[in-house]
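Listed here are the chains, written in short residue letters.
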Amino acid sequence: MPSSKRKRELLEKFKDLFLHGIKGVSIGALALISPYISLLMLPPEITTGLLGELGIEKVFKRIENKLGRRKFDERDAKEIIDIIERDEELRGDLLSLLNKMLDEAIKEKFELPISKLNEALEELKKYKDLETKVETIQSKVDELEKIVAEIKERVERLEEEMLPTPIEDPSDLAPWVKGRKPIVSSRLREMEEKIVRSVSKAVEEKRPLKIVIKGEEGVGKTTLLYLICRDLILMGKKLYKGRAPSDGILIADDIPRKEKTREFAEKFSGVVIATARTHEWDLEGWREYELRAEDQSLKDILISMLESKGVDYDEEGIGVVLRKQKTPFYLDALTDWLKGKKLDAETASEIPEEVMNLVREIIESKWRRDEVAVAVLCSLAETKTGWLHSSQLRLIANELKNLNFRGDGHYEDLLYSSSESYGLKHDGWREVLRDFRKEKPGLKGLNLLDIAKSCCRTSFEQIKVMKASSAAELVMRAVENFWDLSDEAIEIAINEKEDKRDLILDAIALRSPGSIREHFEEKDDDYLKRIVSEMKEAPSAQLEILGLLEERYRKASKNADLARILNNIGNAYWKKGSLDEAIKFFEESLR
């Protein structure tokens, strides 16, 4: 029998190997093979006794005979995994070994079962002077229990992926349907029926078909998958997860995160139905269906969630929520958080931690594949509004590429779009991006706000070749974030044709109030009257210049000129739709 000290050495080796992993080997596979690698790294006289005690010597011998006793590397680990995949009995023995070693690790670490340790902690808490020590011990226990739970979860997930598991109850894919009936929009129903028809036909004709339902987190991919599976089961089709026989249909929710299932699905000659987040999907040859948040009746979904969870609400609160993050995932996280509260304008403005965690996960995943895209988002997070024109974002992406960031700069799937602009989905993204930036040395030292401002200024060079509406939006995004760019934008605008000039000047007046008045303050009255008279579609800009003239004429007591200016101010307010203001100035002009 090995000594307690030797056992601890073995367990420490196992722990280190598992926690650090081997490059290129999945964590789930490593969980299975690491006990063997740990044992093979110790002298034979140590391993023999321990293997006999655990009762798995015969399994150890099978792998030892195959690979010999030597230092392991990535290829060895992969070879063991191949053996495991082909041998069901061996998988069972491996899982048994892993469980025994976990139990051994817990006993060796604390020298008594977890339950006994918790009892001892409760006793210790009776003594105030030991409170700090008790909290320290408790934190260690919590940490260990978390590690054990994660390992077991990974092993269970790996086992599930490596074995064909029949799906008999589709609600297992979306457990929430047991407590709340899904809201199905006409678009969702149309997609459901189309996929079910395609799958049924492929099964009847015994031909391969791979379908993926794409969409960002929480847009309803799993709900749609549940509806499809429910229909297919009612039709008598055989559904499986993990793996499937040739006459079965493989179902894979969130397939990019299931390495073994993904590998099997790629080679499978039958029918596969999978879901994936848009930004994580990179396979070719699949029939793709994309689901967007606007494909669902989000207001109905939100009310259904609130009522099923007993949350009181008002219309103002619902309006605020639907203007923020428009995904069922966000709504579900929010309504869970609202239990015991009321949904109103104030509570609707807060962001649940589950959503923040999801944003962190998405940004980390994107960074690994496209540093430029995330750096663009970090730049956007530093601006005042969190919105910029697509031309300005492209200029920022090019600048970041010149600074040796990797990637193509495909940021569009992570932002909201409106007309020709893109913006952060909600303030939670700004907070997470700023924290993320602090963790990355390459981003931390950059003045991203200066880069954004410089690119906005450079974007003005495109105004001459842009349509009037596009040019106005580009200028609007620049000046609402950087008011000191307004002077340059005004100078460019007054040299453009009437419609483009008017739209740009009005955009500046709306998004950078006071800047037009300030720009024209040194101009004489005749110039101001001429520029105002030329404006046809810029009431907000007209009001700023007319306000300047009004002030001058009141001071100079030029009543006749003042009357004309007051009438013009009334006309400008009329164009803007501010009728009460218009009438007030019309009446004053007649006095």
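Predicted model only: the values in this text are computed from it and were never measured.

Trainee: Would you mind going over the pattern of salt bridges with me for this structure?
Mentor: Two side chains bearing opposite charge may form a pair once their charged atoms approach each other closely. Within the structure shown, the criterion is met by 21 salt bridges. Put simply, Lys-464 and Glu-496 hold a salt bridge, and the shortest N to O gap is 3.5 Å. Here the residue Lys-464 occupies a position in the loop between helix 21 (448-459) and helix 22 (468-481), and Glu-496 occupies one in the loop between helix 23 (486-493) and helix 24 (498-511), the gap between them amounting to 32 residues. Judged by its relative accessible area of 63%, Lys-464 falls in the exposed class. The class for Glu-496 is buried, based on a relative accessible area of 14%.

Trainee: What should I look at first to understand the nonpolar core in this one?
Mentor: One broad trend across soluble globular proteins is that nonpolar side chains are buried collectively. If you look at the biggest cluster of nonpolar residues, it comprises 92 residues, and the most contacted ones within it are Leu-343, Leu-393, Ile-396, Val-475 and Ile-516. The element that contributes the greatest number of residues to this core is helix 17 (residues 371-381), accounting for nine residues. Filtering out sequence-adjacent residues up to four positions away, Leu-393 remains in contact with Val-376, Leu-380, Leu-388, Tyr-411, Leu-415 and Tyr-422. If you look at the next biggest cluster of nonpolar residues, it comprises 26 residues, including Met-191, Leu-209, Ile-213 and Val-271.

Trainee: Sorry if this is basic, but what is going on with the sheet that holds strand 11 (residues 421-423) here?
Mentor: As a general point, the strands of a sheet are linked pairwise by backbone hydrogen bonds and lie either parallel or antiparallel. Read across the open sheet, the three strands follow the order 9-11-10; overall the sheet is antiparallel. Unpaired on one side and paired on the other, strand 9 (387-389) and strand 10 (416-418) mark the two borders of the sheet. Geometrically, the sheet is characterised by an average inter-axis angle of 25 degrees between neighbouring strands, direction not taken into account. Relative to strand 11, strand 9 runs antiparallel, the two sharing three bridges. Paired with Leu-388 across the two strands is Tyr-422, which belongs to strand 11. Lying over the sheet, helix 18 (residues 390-402) contacts strand 9 and strand 11, oriented at roughly 90 degrees with respect to strand 9. The strands that helix 22 touches are strand 9, strand 10 and strand 11; relative to strand 9, the one it contacts most, it runs at about 145 degrees.

Trainee: Would you mind showing me how to read the packing of aromatic side chains here?
Mentor: Centre-to-centre distance and the angle between the planes together describe a pair of aromatic rings. Applying the stated criterion across every chain yields a total of six aromatic pairs. Relative to Phe-268, the ring of Phe-264 has its centre 5.2 Å away and its plane inclined at 25 degrees; by these criteria the two rings are stacked. According to the relative accessible area criterion, Phe-268 is buried, its value standing at 7%. Plain terms: the ring middles of Trp-367 and Phe-436 are 5.4 Å apart, the flat faces sit at 75 degrees to each other, and that makes the pair edge-to-face. A residue pair is termed long-range when its members are at least 10 positions apart, and Trp-367 in helix 16 (residues 353-369) and Phe-436 in helix 19 (residues 427-439) qualify at 69 residues. Taken together through their ring pairs, the aromatic side chains of Trp-367, Phe-405 and Phe-436 make up a single cluster. Just above the ring of Trp-337 sits the side chain of Lys-341; from NZ or CZ to the centre is 3.6 Å. Stacked on the ring of Tyr-527, the Lys or Arg Lys-523 has its end atom at 5.0 Å from the ring centre.

Trainee: I tried to follow the environment of Lys-453 on my own but got confused; where do I start?
Mentor: Relative to the helices and strands, Lys-453 resides in helix 21. Residues Lys-453 and Ala-478 lie 25 residues apart in sequence; the distance between their C-alpha atoms is 7.7 Å. When sequence neighbours within four positions are dropped, the list of residues in contact with Lys-453 reads Phe-482, Asp-484 and Leu-485.

Trainee: Would you mind going over the pairing of strand 4 (residues 249-252) with me for this structure?
Mentor: Consecutive side chains along a regular strand alternate between the two faces of the sheet. The two faces of strand 4 match: Ile-249 and Ile-251 on one face and Leu-250 and Ala-252 on the other face are all buried. For strand 3 (residues 239-242) and strand 4, the ladder comprises two bridges, and the chain directions are parallel. For Tyr-240, the partnering residue across the bridge sits in strand 4 and is Leu-250. By the bridge criterion, four bridges tie strand 4 to strand 5 (residues 271-276) in an arrangement that is parallel. Within the sheet, the bridge partner assigned to Leu-250 lies in strand 5 and is Val-272.

Trainee: Teacher, can you tell me more about the packing of helix 22 against helix 24 here?
Mentor: Packed helices, taken two at a time, are described by the angle between their axes plus the distance between the axes. Following both chains from N to C, one finds helix 22 and helix 24 inclined at 25 degrees, their axes separated by 8 Å at the closest point. With respect to each other, helix 22 and helix 24 are oriented roughly parallel. Helix-helix and strand crossings are classified by hand; for helix 22 and helix 24 the assignment is right-handed. Of the residues in helix 24, those touching helix 22 at Ala-468, Ser-469, Ala-471, Ala-472, Val-475, Met-476, Arg-477, Val-479 and Glu-480 are Asp-499, Lys-500, Leu-503, Ile-504, Ala-507, Ile-508 and Arg-511. Residue composition of the contact of helix 22 with helix 24, by class: 10 nonpolar, one polar and five charged.

Each value, and the rule that gives it
Residues numbered from 1 in each chain as written. Predicted model: local features only at pLDDT ≥ 70, side-chain atom pairs only at ≥ 80, totals over all residues. Heavy atoms only, no water. Salt bridge = Lys/Arg side-chain N within 4 Å of Asp/Glu carboxyl O. Helix = DSSP H or I, 4+ residues; strand = E, 2+ residues; numbered from the N terminus. Buried < 20%, exposed > 50% of the residue type's maximum accessible area, 1.4 Å probe, protein only. Core = buried A, V, L, I, M, F, W, Y, C linked by side-chain atoms within 4.5 Å. Contact = heavy atoms within 4.5 Å. Pairing = 2+ DSSP bridges. Axes fitted to C-alpha atoms, helices over the stretch in contact; angles between N-to-C directions. Phe/Tyr/Trp six-rings, centres within 6.5 Å; stacked < 30°, edge-to-face > 60°. Lys NZ or Arg CZ within 6 Å of the ring centre and 35° of its normal. Parallel < 35°, antiparallel > 145°, perpendicular 65-115°, else oblique. Left-handed = near helix turned anticlockwise from the far one by under 90°. Nonpolar A, V, L, I, M, F, W, Y, C, P; charged D, E, K, R; others polar.

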